[in-house]
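Read off the chains here:
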Amino acid sequence: MSSQEQGSGATTSELAVRRAKLEQWRARGIEPYGGRFDVTHRSSDILRVADARTREELEEQRLSVKVAGRLVARRGHGKAGFAHILDQDGQIQLYAKSDAIGQDQYEAFELLDIGDWIGVSGYVFKTNRGEVTVHIEQLTLLGKALQPLPEKWHGLRDVETRYRRRYVDLIVNPPVREAFILRSKVIQSMRRHLDAQGFLEVETPTLHTVAAGAAAKPFRTHHNALDMPLTLRIALELHLKRLIVGGMERVYEIGRVYRNEGISTRHNPEFTMMELYAAYMDFQDIMKLTEHLIEQIAVDVRGGTDLAYDGQVVHLKTPWRRAHMVDLVREQTGVDFFALQTLAEARDAARTHGIEVLPSHGFGHIVNSFFEEKVEHTLFQPVFVYGHPVEISPLAKRSVQDPRFTDRFELFIVGREHGNAFSELSDPIDQRERFEAQLQERALGNDEAHEMDEDFVLALEYGMPPTGGLGIGVDRLVMLLADQPSIRDVLLFPLMRTQE
RNA sequence: GAGCCAUUAGCUCAGUCGGUAGAGCACCUGACUUUUAAUCAGGGUGUCGAUGGUUCGAGUCCAUCAUGGCUCACCA
């Protein structure tokens, strides 16, 4: 094996055959990596036009088309042959006949390999069996494939190869292509509905000097010219709220965030968040906004609100259930944290129920641990869980009823968190204290506690209107709507360890 | 980070008790002018993930490593 063939997929001989064909094309005076091609129809356009006509009508009209795509199947019959090409919309059959296109063009047709990009011009007809087919009049090689494609029947199953060579996965596994088209539609729909409500889409920095806005370990990097440490953002939150201070009353951003943490079926180091902030709203308003947004997206991309997920049915018809975190914990465990007043009581309850308590854990952390351990996985149908403890919510406004808790909610669907929202903390003095409490946690060993963001506190000192904010994990929403069990199935290029 | 599982032809997979590797598709040669996973005749193209070990002999047994998957941990 020569060095340039190292690591390639195919056997030396199959590669050699295709390389030889490359030279045969050149010998015919044809450059195998061609130039532009005027496409008049996608495969779906041809099917739509032809389906509306009978065989006889098509024969009379001789509708001319130019279509391009990747050769994915071919069946030769001596001096004639059929083929299928795949374009972004799907497949269309081609028919080549030596009598009609001449010996030279027919030899070219026979020289093609599965995987080659071609353009054809011809006319549309229906075969004896009724399949809409383009009768080739002119064949153009647009791009030679040197690697063979996986098998037509079983496709590509090997999960590792599917992720590492997503381009092959997209070619041979149609449901994969559909899932990513759906992803695009989800984001499109999200934008449309937010834009319609007067939200302004903005872009904020991904290189941050302070890793705040979420509890997560950041990626660290460095700017050479300024000789300055930087982190990749772990959230969009604090910059978007600065814009609220600046008087941009409704803003949102759909963007990548980065967290230097474990990888699982629900976590990738980089993922897509949508965060929005709306002046004069509170977390109750955001609940309504959230459920309607997701309901509308589901209708847009799935045509309804009852969705199959993992063999069960999720009902996304609004309104959704609202439940206080403490009430849910009481339902599942009988422990009523409204009634417990001291940290000691909470620790006792945790010991009784086998909940681990770390030294840095306060009352609120214990409530949260109960929720995560005992409740979270039970929440299959959509539910807004509200009233998170203040200790785990350093950016949320305290609840007027009980200042140990906040006006915050998380949205759970299929046992997973899909969104996080609150009435934003706008009191700069309280905000500074919350950051300081986070720094103390950090000192006690929680390296995911927030860092102090002095400039953000300064912004709040200029005055922020009452504001409701929301973050939605876009990847998880796509997983839900596409009925995919792993985040890697909705990320085109999930992070993989490098080989060798 | 831990446990379990997987890794054999380009792809999808067999491979029994340890005896020097097989099928289908793809590919190659030939036949065939409306096929549909086209068909017919012929051809096996391989560092059995890697490295050690046990053995007369290892795809198979053992150890280590690599990569991946799942579960757990982590991750609001």
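Residues numbered from 1 in each chain as written. Chains lettered and ligands numbered in written order. Predicted model: local features only at pLDDT ≥ 70, side-chain atom pairs only at ≥ 80, totals over all residues. Heavy atoms only, no water.

Caption draft 1: Spotlight on helix H4 (residues 98–111). Relative to the 20 Å expected for 14 residues at 1.5 Å per residue, H4 spans just 14 Å between its end C-alpha atoms, considerably shorter than the ideal helical length. At Asp104, H4 shows its maximal bend, which comes to roughly 80°. Within H4 the residues assigned to the buried category are Ser98, Ile101, Gln105, Tyr106, Ala108, Phe109 and Leu111. (Helix = DSSP H or I, 4+ residues; strand = E, 2+ residues; numbered from the N terminus. Expected span 1.5 Å × (residues − 1). Bend = angle between axes of the 7 residues up to and from the residue. Buried < 20%, exposed > 50% of the residue type's maximum accessible area, 1.4 Å probe, protein only.)

Caption draft 2: Seen up close, the confidence of the model for chain A. Mean pLDDT over chain A works out to 93, with 97% of the residues at or above the 70 mark. Element-level mean pLDDT values for chain A span from 89 in helix H1 (residues 12–27) up to 98 in strand E6 (residues 200–201). In the model, residues 1–10 has pLDDT below 50 throughout and makes 13 contacts with residues more than four positions away in sequence or in other chains. The ipTM for the predicted assembly is 0.92, set against a pTM of 0.92. (pLDDT = per-residue confidence, 0-100. Contact = heavy atoms within 4.5 Å.)

Caption draft 3: Expanded view of the sheet that holds strand E5 (residues 132–143). With respect to topology, 5 strands assemble into a closed barrel ordered E1-E2-E3-E5-E4, the strand pairing being mixed. The sheet shows a mean angle of 55° between the axes of neighbouring strands, direction not considered. Two strands pair when backbone bridges link them, and strand E1 (residues 64–76) and strand E2 (residues 80–87) are joined in this way by 6 bridges, in the antiparallel orientation. Within E2, the position partnered with Arg74 by the bridge is Ala83. Along the sheet, helix H2 (residues 43–51) makes contact with E1, E2, strand E3 (90–97), strand E4 (117–126) and E5, crossing E3 at roughly 75°. Contacting E1, E2, E3 and E5, H4 crosses the sheet at an angle of about 120° to E3. (Pairing = 2+ DSSP bridges. Axes fitted to C-alpha atoms, helices over the stretch in contact; angles between N-to-C directions.)

Caption draft 4: Representation of the nonpolar core. Met190, Met274, Leu276, Leu316, Leu470, Leu477 and Leu481 are the most contacted members of the largest nonpolar core, which totals 45 residues. Of all the elements in the fold, those that place two or more residues in this core are helix H7 (174–196), strand E10 (250–258), strand E11 (270–279), helix H9 (283–302), strand E12 (306–309), strand E16 (408–413), strand E18 (467–473) and helix H15 (474–482). Considering every element that reaches this core, the biggest residue donor is H9, with 9 residues. Discounting chain neighbours no more than four positions away, the residues touching Leu477 are Val186, Met190, Ile294, Ile297, His418 and Ile472. The next biggest cluster of nonpolar side chains, apart from the first, holds 26 residues, and it includes Ile46, Leu71, Leu111 and Leu112. (Core = buried A, V, L, I, M, F, W, Y, C linked by side-chain atoms within 4.5 Å.)

Caption draft 5: The arrangement of the packing of H7 against H9 in detail. Here H7 crosses H9 at 135°, and the two axes come no closer than 9 Å. Taken together, H7 and H9 sit at an angle that is classed as oblique. Seen from above, H7 lies across H9 with right-handed handedness. Here Leu182, Lys185, Val186, Ser189, Met190, Arg192, His193 and Leu194 of H7 come into contact with H9, specifically with Leu293, Gln296, Ile297, Asp300, Val301 and Arg302. Of the residues contributing to the contact of H7 with H9, the split by class is 7 nonpolar, 3 polar and 4 charged. (Parallel < 35°, antiparallel > 145°, perpendicular 65-115°, else oblique. Left-handed = near helix turned anticlockwise from the far one by under 90°. Nonpolar A, V, L, I, M, F, W, Y, C, P; charged D, E, K, R; others polar.)

Caption draft 6: Here's a closer look at the pairing of strand E9 (residues 228–232). Summarising the sheet, strand E7 (residues 207–208) and E9 pair through 2 bridges and their orientation is antiparallel. Residue pairing in the sheet places His208 in a bridge with Thr231 of E9. Of the pairings in the sheet, the one linking strand E8 (residues 220–223) to E9 comprises 4 bridges and is antiparallel in character. Across the sheet, the residue bridging to Thr221 is Leu230, located in E9. Joining the antiparallel neighbours E8 and E9 is a turn of 4 residues, in which Asp227 adopts a positive phi near 45°.

Caption draft 7: Up close: the packing of H7 against H15. Following both chains from N to C, one finds H7 and H15 inclined at 120°, their axes separated by 10 Å at the closest point. Classified by the interaxial angle, the pair formed by H7 and H15 is oblique. Note that H7 runs across H15; the crossing there is right-handed. Contacts between H7 and H15 involve Leu182, Arg183, Val186, Ile187 and Met190 from the first element and Val474, Asp475, Leu477, Val478, Leu481 and Ala482 from the second.

Caption draft 8: Spotlight on the packing of aromatic side chains. Counted according to the given criterion, the structure contains 11 aromatic pairs. Consider the rings of Phe337 and Phe363, whose centres lie 5.8 Å apart with planes at 85°: the pair is edge-to-face. Residue Phe337 is located in the loop between helix H10 (325–333) and helix H11 (343–352), and its partner Phe363 is located in helix H12 (residues 363–375); the two are separated by 26 residues in the primary sequence. For the pair shown, Phe337 and Phe363 are each scored as buried. (Phe/Tyr/Trp six-rings, centres within 6.5 Å; stacked < 30°, edge-to-face > 60°.)

Caption draft 9: Here's a closer look at the side chain of Thr133. With respect to the secondary-structure elements, Thr133 resides in strand E5. Within the structure, Thr133 has its side chain in polar contact with the backbone oxygen of Glu131 (distance 2.9 Å). (Polar contact = N/O pair within 3.5 Å; in protein donor to acceptor, adjacent residues only side chain to side chain.)

Caption draft 10: Summary view of the side chain of His388. Here His388 lies in the loop between strand E15 (383–386) and E16. You can call His388 buried: its relative accessible area is 0%. Separated by 2.9 Å, the side chains of His388 and Glu410 make a polar contact. Sequence-distant contacts of His388, that is, excluding residues within four places in its chain, are made with Met325, Ser393, Phe405, Thr406, Arg408, Phe409 and Glu410.

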